[in-house]
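Here is how the chains run, residue by residue.
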Amino acid sequence: MKTLQELTLLDKFLFDEVVEDKKTYEALLRIILGDDELNLLTEAQTEKELRTATWLRTIRVDVYAMDDKSTIYNTEMQKEKRNDLVKRTRYYQALIDSTLLEPGEINFNNIKNTTIIMIMPFDLFGLGKYVYTFEEVCREYPELSLNDGAKRIFINTHGKNTEDVSPEFVALMKFIEYNKSEDKINSSPNLDMIMNRVSQVKANEEVGVKYMQRWEEEAIIRHEEREKATILNIKNLMKNMKLTAEQAMEALGIDKSEYNKYMTML
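Everything in this summary refers to the structure shown in the same document. Because the structure is a prediction, the values reported are computed rather than measured.

**Things to note about the overall build of the chain**
- Broken down by element type, the chain carries eight helices and six strands.
- Sequence-ordered secondary structure for the chain, helices as α and strands as β, is α-α-β-β-β-α-β-β-β-α-α-α-α-α.
- The C-alpha atoms of the chain give a radius of gyration of 23 Å, which is well past the 18 Å a tight globule of 266 residues would have.
- If you line up the chain on its principal axes, its C-alpha atoms span 70 × 50 × 35 Å.
- Among the 266 residues that make up the chain, the fraction classed as buried is 38%.
- Looking at the chain alone, contacts between residues at least 24 apart form 59% of all its contacts between residues at least 6 apart.
- Entry remark: accessible area of the chain is about 16,100 Å², with carbon and sulfur atoms responsible for 50%.
- Across the chain, the mean location of the 37 positive side-chain charges is 5 Å away from that of the 47 negative side-chain charges.

Put into structure tokens, the structure is as follows:
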């Protein structure tokens, strides 16, 4: 377990605590998008839940807000590499879009523009770039853009093309991953705001208590999931191999001191 002080912005808990501050999230977006005129209209919402129906899969977006031009921003910090991240952003896009029109609205041009940003400490596309921006264009005529207002951005903190991004952006990438800025020359008001916010969060005793509680809750969940998996394995061995419960537990290498516990759970 990391201490709160050891967390970086790659860690979901710290990222959420930091960017739930509207001005800090605004500063992050300004650096990433290279737009110092960007102003958020709404407060940043962390862990916002989106669902279109009770029987469909829900999502919890890391941070969500709207600017003064009615563009919706969803930013995700993705620490672990998975093979479904592109499709995940597609699903996020669909669920976000489904909430952007009032019931009975007949003009789909009133749907707000959206920008989904996924920040990762790895190169999802393997081309060495810091930023991969996707907007719909015509395959037959690449110069023809669909202009549907939807944008997805994948950020690789390990990019190599420093000539294509600002020094401020590079400094942010280093801070996100290592929790320190080694380049004071490229400091900026936006970057300073983010760094100061991180320091404030880490110094807050209430946040420290919240972090411990969150870790304990997740530890309990992980423990319960392991127990459920063990019970399932025991039952499968008993059914498929015709073993007794004790024989199945022995085959699985379960400590004998835990036999009674699992016997009551079967």
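**A look at the environment of asparagine 39**
- You can see asparagine 39 is positioned in the loop between helix H2 (22-33) and strand S1 (45-50).
- Those residues within four positions of asparagine 39 in sequence are excluded, and the remaining contacts are Glu26, Arg30, Asp67 and Asp68.
- Here glutamate 37 takes part through its backbone oxygen, which lies 2.9 Å from a polar atom of the side chain of asparagine 39.

**Let's talk about the environment of alanine 171**
- Along the chain, alanine 171 turns up in helix H4 (residues 167-178).
- Considered as a pair, alanine 171 and serine 188 are 17 residues apart in the sequence and their alpha carbons are 9.6 Å apart.

**So, the side chain of serine 188**
- Residue placement: serine 188 occurs in the loop between H4 and helix H5 (189-203).
- For serine 188, a relative accessible area of 11% puts it in the buried group.
- A distance of 2.4 Å separates the side chain of serine 188 from the side chain of glutamate 168, its partner in a polar contact.

**Topic: the pairing of strand S3 (residues 72-77)**
- The buried fraction of S3 is high, at six of six residues.
- Burial along S3 is two-sided: the face carrying Ile72, Asn74 and Glu76 and the face carrying Tyr73, Thr75 and Met77 are both buried.
- Bridging between S3 and strand S4 (residues 114-120) involves six bridges; their strand directions are parallel. The partner of methionine 77 across the bridge, within S4, is isoleucine 119.
- Following the backbone out of S3, through helix H3 (residues 85-97) and into the adjacent parallel S4, one traces a crossover that is right-handed.

**A word on the packing of helix H1 (residues 12-19) against H5**
- As a packed pair, H1 and H5 sit with axes 9 Å apart at the nearest point and diverge in direction by 110 degrees. Viewed along their axes, H1 and H5 adopt a mutual orientation that is roughly perpendicular. Between H1 and H5 the crossing geometry is right-handed. Every residue of H5 that contacts H1 at Leu14, Glu17 and Val18 is listed here: Arg197, Val198, Val201 and Lys202.
- Split into classes, the residues belonging to the contact of H1 with H5 amount to four nonpolar, no polar and three charged.

**Some details on unusual backbone geometry**
- Residues other than glycine seldom take positive phi values, yet serine 70 does so here, at roughly 70 degrees.
- Topologically, serine 70 is positioned in the loop between strand S2 (59-66) and S3.
- By relative accessible area, serine 70 is classed as partly exposed at 32%.

**Some thoughts on a nonpolar patch on the surface**
- Taken together, the side chains of Val86, Phe125, Leu127 and Phe134 present a nonpolar region at the surface, about 360 Å² in accessible area.
- Checked against the element boundaries, phenylalanine 125 lands in the loop between S4 and strand S5 (131-134).

**Examining the packing of aromatic side chains**
- For the coordinates displayed, the defined rule picks out six aromatic pairs.
- With 5.0 Å between their ring centres and 50 degrees between their planes, phenylalanine 13 and tyrosine 211 make a pair best called tilted. Of this pair, phenylalanine 13 sits in helix H1 while tyrosine 211 sits in helix H6 (residues 205-240); the two residues are 198 residues apart in sequence, bridging distant segments of the chain. Side by side, phenylalanine 13 and tyrosine 211 carry an identical accessibility label, which is buried.
- Taking the centre distance of 5.4 Å and the plane angle of 50 degrees together, the rings of phenylalanine 125 and phenylalanine 134 count as tilted.
- When its relative accessible area of 30% is taken as the criterion, phenylalanine 125 is described as partly exposed.
- Judged by its relative accessible area of 40%, phenylalanine 134 falls in the partly exposed class.
- Taken together, the ring pairs in this structure connect Phe125, Tyr132, Phe134 and Phe154 into an aromatic cluster.

Rules and cut-offs
- Each chain carries its own residue numbering, running from 1 in the written order of its sequence.
- Reporting of local features is limited, given that this is a predicted model, to residues whose pLDDT is at least 70; pairs of side-chain atoms are given and counted only at 80 or more, and all residues count toward the totals for whole chains, interfaces and linings.
- Where side-chain values are given, they derive from all heavy atoms of the structure, hydrogens and water being excluded.
- Secondary structure is summarised from DSSP: a helix means a run of H or I of at least four residues, a strand means a run of E of at least two, and numbering begins at the N terminus for each.
- Only C-alpha atoms enter the radius of gyration; for comparison, a globular chain is expected to reach 2.2 Å times N to the power 0.38, where N is the number of residues.
- The rule is simple: take the accessible area with a 1.4 Å probe, protein chains only, and divide by the maximum for that residue type; under 20% is buried, over 50% is exposed, in between is partly exposed.
- Any two residues having at least one pair of non-hydrogen atoms within 4.5 Å are treated as being in contact.
- Computed with the Shrake-Rupley method and a 1.4 Å probe, the accessible areas treat only the protein chains shown as cover for residues.
- Just so you know, the count uses Lys and Arg for positive and Asp and Glu for negative, and it drops His and the chain ends.
- By convention, the charge on Lys lies at NZ, on Arg at CZ, on Asp at CG and on Glu at CD.
- Under the rule applied, a polar contact is a pair of N or O atoms within 3.5 Å (in protein, one hydrogen donor and one hydrogen acceptor; residues adjacent in sequence only if both atoms are side-chain atoms).
- Only when DSSP finds a minimum of two bridges between them are two strands counted as paired.
- Handedness is read with the strands pointing away from the viewer; a crossover is right-handed when the path from the first strand over the helix to the second is clockwise.
- Every angle, taken between N-to-C directions, lies between 0 and 180 degrees, and every axis is a line fitted to C-alpha atoms, over only the stretch in contact when it is a helix.
- Should an angle lie under 35 degrees it is considered roughly parallel, over 145 roughly antiparallel, and from 65 to 115 roughly perpendicular; all remaining angles are considered oblique.
- Crossings are assigned a handedness: left-handed for a near helix turned anticlockwise from the far helix by less than a right angle, right-handed for a clockwise turn.
- Amino acids are sorted into nonpolar (Ala, Val, Leu, Ile, Met, Phe, Trp, Tyr, Cys and Pro), charged (Asp, Glu, Lys and Arg) and polar (every other residue, Gly among them).
- A patch consists of residues exposed above 30% relative accessible area that lack any salt bridge, with like charges linked at up to 9 Å and nonpolar side chains (Val, Leu, Ile, Met, Phe, Trp, Tyr) linked at up to 5 Å.
- Each salt bridge in this description consists of a side-chain nitrogen of Lys or Arg and a carboxyl oxygen of Asp or Glu lying within 4 Å of one another.
- Two rings belonging to Phe, Tyr or Trp (six-membered ring only in the last case) form a pair when the distance between their centres is within 6.5 Å. Interplanar angles under 30 degrees mark stacking, angles over 60 mark edge-to-face geometry, and anything in between is tilted.

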